[in-house]
Amino acid sequence: MPACVPIRNIRNHGSHLLRTSGEKRPHSPPPRRGPRFRVTAGDLSASITVFLIAVPMSLGLAVAMDAPLEAGLISAAIGGIVAGLIGGTPLQVSGPSAGLTVVTAELLQVYGWRTTCAITIGAGLLQILLGSVRAARGALAVSPAIVHGTLAGIGVAIALAQLHIVLGGSPQSSAMDNALALPEQLTRISPAAPLIGALTIGLLVLWPRIPGAPGRALRKIPAALASVAVATAVAAFAAPRISRVDLPSWSSHALPEMPRGPVLALATAMFTVMLVGSLESLLAAVAVDKLTADRTAQHAARQPDMPLPHVARSDLDRELRAQGITNTLAGLLGGLPISGGAVRSSANVRAGANGRAATVLHGVWVLLAAGFLVSVLEWIPLAALAALVMVVGIQMVNYAHIKNVHRHREVLVYGATITGVVVFGVLAGVAIGIAAAVGMALHRLARTRISVTESDGRFLVTVRGQLTFLAVPRLSRVLNQLPQGVDAIVELDGFFMDHAAYEAIQDWRTTQVAHGGNIVFTGRSGGRIAEPASAAHSCCRPWTPWRNHHCHDRPHQPTTAAERPQPQPGRPGASPDSLSAEAAGHVSEPVAAVRRGGAHSLLSGISSFQLNTAPLVREELARLATEGQRPSQLFLTCADSRLVTSMITSSGPGDLFTVRNVGNLVPPPGAGSDSGGDDSVAAAIEYAVDVLRVESITVCGHSGCGAMQALLGAEPGTPRTTPLWRWLRHGLPSLDRMSSRDQPWARISGRMPTDAVEQLCLTNVVQQLDHLRAHESVARRLADGTLHLHGMYFHVGEAQAYLLTEGASSGSGPDEVFERVAPGIGIGPKPADPGSTDPVASSPAAALPDDGPGQEEATHSLV
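Residues numbered from 1 in each chain as written. Predicted model: local features only at pLDDT ≥ 70, side-chain atom pairs only at ≥ 80, totals over all residues. Heavy atoms only, no water.

**Points about the overall build of the chain**
When its secondary structure is counted, the chain shows 33 helices and 13 strands. Of all 863 residues assigned to the chain, the portion counted as buried reaches 47%. Considering only contacts in the chain between residues 6 or more positions apart, those separated by 24 or more positions represent 77%. As presented, the chain carries roughly 41200 Å² of accessible surface, and 61% of it is formed by carbon and sulfur atoms. (Helix = DSSP H or I, 4+ residues; strand = E, 2+ residues; numbered from the N terminus. Buried < 20%, exposed > 50% of the residue type's maximum accessible area, 1.4 Å probe, protein only. Contact = heavy atoms within 4.5 Å. Areas by Shrake-Rupley, 256 points an atom, 1.4 Å probe, with all protein chains shown as cover.)

**Considering the packing of helix α21 (residues 472–480) against helix α22 (residues 499–514)**
It is at 10 Å that the axes of α21 and α22 come closest, and there the two elements cross at 10°. What the angle tells us is that α21 and α22 run roughly parallel. Along its contact with α21, which presents V472, L475, S476, L479 and N480, the element α22 presents A500, A501, A504, I505 and W508. Grouping the amino acids of the contact of α21 with α22 by side-chain chemistry returns eight nonpolar, two polar and no charged. (Axes fitted to C-alpha atoms, helices over the stretch in contact; angles between N-to-C directions. Parallel < 35°, antiparallel > 145°, perpendicular 65-115°, else oblique. Nonpolar A, V, L, I, M, F, W, Y, C, P; charged D, E, K, R; others polar.)

**Overview of helix α18 (residues 399–407)**
The N-cap of α18, judged by a side-chain oxygen 2.7 Å from the amide nitrogen of A400 a few residues on, is N398. Directly after α18, the chain includes R409, whose backbone phi takes a positive value near 55°. (Polar contact = N/O pair within 3.5 Å; in protein donor to acceptor, adjacent residues only side chain to side chain.)

**Here we look at the sheet that holds strand β12 (residues 800–804)**
What the seven strands build is an open sheet, ordered β8-β7-β9-β11-β12-β13-β10; its pairing is mixed. In the strand order of this sheet, the two ends are held by β8 (657–661) and β10 (746–748), each with one partner. Taken over all neighbouring pairs, the strand axes of this sheet differ in orientation by 25° on average, direction set aside. Note: strand β11 (residues 788–795) against β12, four bridges, orientation antiparallel. Bridging from a neighbouring strand, Y793 pairs with Y802 of β12. Relative to the sheet, helix α27 (residues 680–691) contacts β7 (633–638), β8 and β9 (696–702), its axis offset from that of β8 by approximately 170°. Helix α31 (residues 756–773) rests against β9, β10, β11, β12 and β13 (816–820) of the sheet, and its axis sits at about 160° to β11. (Pairing = 2+ DSSP bridges.)

**Comments concerning the confidence of the model for the chain**
Scored by pLDDT, the chain has a mean of 77; 79% of the residues are at 70 or more. Segment residues 808–814 is flagged for pLDDT under 50; beyond a separation of four residues in sequence, or across chains, it makes 20 contacts in the model. Counted against residues more than four places away or in other chains, residues 825–863, with its pLDDT under 50, gives 119 contacts. (pLDDT = per-residue confidence, 0-100.)

**What about the pairing of strand β3 (residues 449–455)?**
Note that β3 and strand β4 (residues 458–464) share seven bridges and pair antiparallel. Paired with V452 across the two strands is V461, which belongs to β4. Where β3 folds back on β4, the antiparallel hairpin that results is connected by two residues, among which D456 adopts a positive phi of roughly 55°.

**Digging into unusual backbone geometry**
With a phi close to 50°, S650 is a non-glycine residue in the positive phi region. Unlike most non-glycine residues, N664 shows phi in positive territory, near 40°. With respect to the helices and strands, N664 occurs in the loop between β8 and α27.

Quick look at the structure:
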């Protein structure tokens, strides 16, 4: 029968993966490989969409760099065709690099166009080299705060430069010069260019937000194309003399020459182009993977029977080599530096591209436009292109990135990188960001908080943070202020201690022990911070957060010098393990009171959850809070404190809707409030079955159940008027069932129960399933075949779960047998009962229940 724990259903997903990933099933012929380059309807429409975005953006970036305009079209065509064919990210669209706008503009002013092309070739060769030595993943090891800060600083510089063109002027040589020249530019505004620029920006912002049916139709046209087209049409009538695109003849197009200038400066320029272009391309590739995965998941949710074609994940080293090849070709043909573009790539994914064909075709359309649509392109106002690029620059200052950086407390690194890029340039800004990141890391290592608490002459020294040589002076000063021969706990709340800190603590401990002191070293909440291999059997060696959490509550340990064993000569400080092996013993009761506060252990556990667990589950809980609960399983079990439901089912937030009561009892219908009973269990069942639409219900008993012991040990004539006995009367049918000669005895995995208590625990599970079937909502869903019932028994001492077999759970089989659940998937080989009315199987493949999208746990306890 199927397992009743909430594990992910891999049957359908597995088959789906086999269908879509091209993996070969066992004993099946190898899959037929289709043509490497296929053009689907989605690829064709996506290529047109990206082409309509790429043309104005390529021209705009060329204007922003003060480069030949045809160079932008050359790079767009090469990036689409070459990178599309050989790149490691099939859906990424490459073209003129927005991140290199400031760098390229500076190179053009210093070296001229032909040397800048040669620098682009050198940067491409460096990218090929780095891709060949598999350095792409290493590039992503740079702090995200530095990467996003660099791109944001470049975006600010782009926006400042393009603002001058939108205002009818010309940009300066650097971002600071553009900022300083802005007041003067505002005094000599020509009205035509600002109005066209404002119109372009307004359309870019408002176009995706047009409401209603007209908006849905208009949004099929890319906002970039719509804004530039409308601005061009308005300028043709309202401002015929405005500056427009001027595409020179292809015969006059300049090609690269041997670079001229200082070797070190040229090498630095090549390295800068390579670094910025590579980071931008690799980040875009990672973003494309995420967008593709999200699109596939959304499509599978809407149309599970029509899977999208499989798109391979990015090969970053291959992508880096492809970027190097495209940059080398772009430099040879007189194009701008190329990188993968997030704007073009995201448009490609959202437009429905399925493979490389969309990227390649977009490059073909750009190439055709460069040859046959020159007269049309020359109608575009420069102010419209500048406004388009200015919006792209502003979007590079991503608010989501800022929030992420703030959450990880790296705002200082982010701000330092932006400032460095804007004020000093890209390479200097990256260096400043790296220096800020290193400085912050050192500060965090040195930022160790030390506090001392005294209670009845005993001390608690709490150390928060990492213990390095930087913290040794303060730590030694605090420790040496404590009296000689003191009883103290030193709580080390950190994950790193270097040799200098260890020696300082060990020397202080040795001195205190020599004077009769008792020093105990613990981690947070009393956990030991280290342990020698020989102590693997020790009670307090934790491998889960909860194991042996009771160790601190052990009986009182000797605390006086006379009661304590005297230290052996030469033992203290003998090895690093002695810090925990000898000193980190069980905390004595009076000293533990300093930390635990006796009755405040629950508060301590909640505080530990807020510190350690809440940050890990907050995002998932926020999702569940937004989506609400949609569980697929109801788990009805005992309120016994030894039965940790989430542990034995490997579940977490949103995995189980749980009802707990004394004896895992299900009162039959009619035993509710009208007869002085309790309707809470029936209400939970009705809510789970009719409102939450659960797919299965599990009744779980356990060994050593106190409720079953009470039923067995009750003397005849015992008054049953207390609340506990009024509740336990719902277990009397289980007692009668066990005593009846007409009912078979339950057994466990081929053996008889060990005693009467275990026999009643097993019988009670079967009986409560009968009570469950009598409920109207449950009976209706069982008849429809949309609900399954399961029985489970958990042996606490063995930490072993047993599942009721199919015949027993339906009431049609001759035996009541609980099969042992083996480690892994499924249970022992028990054949299905063909006469069962509860259609569940016992094979491992069927032991995987359907998983609900969201589940919630409720607790009902009568203790």
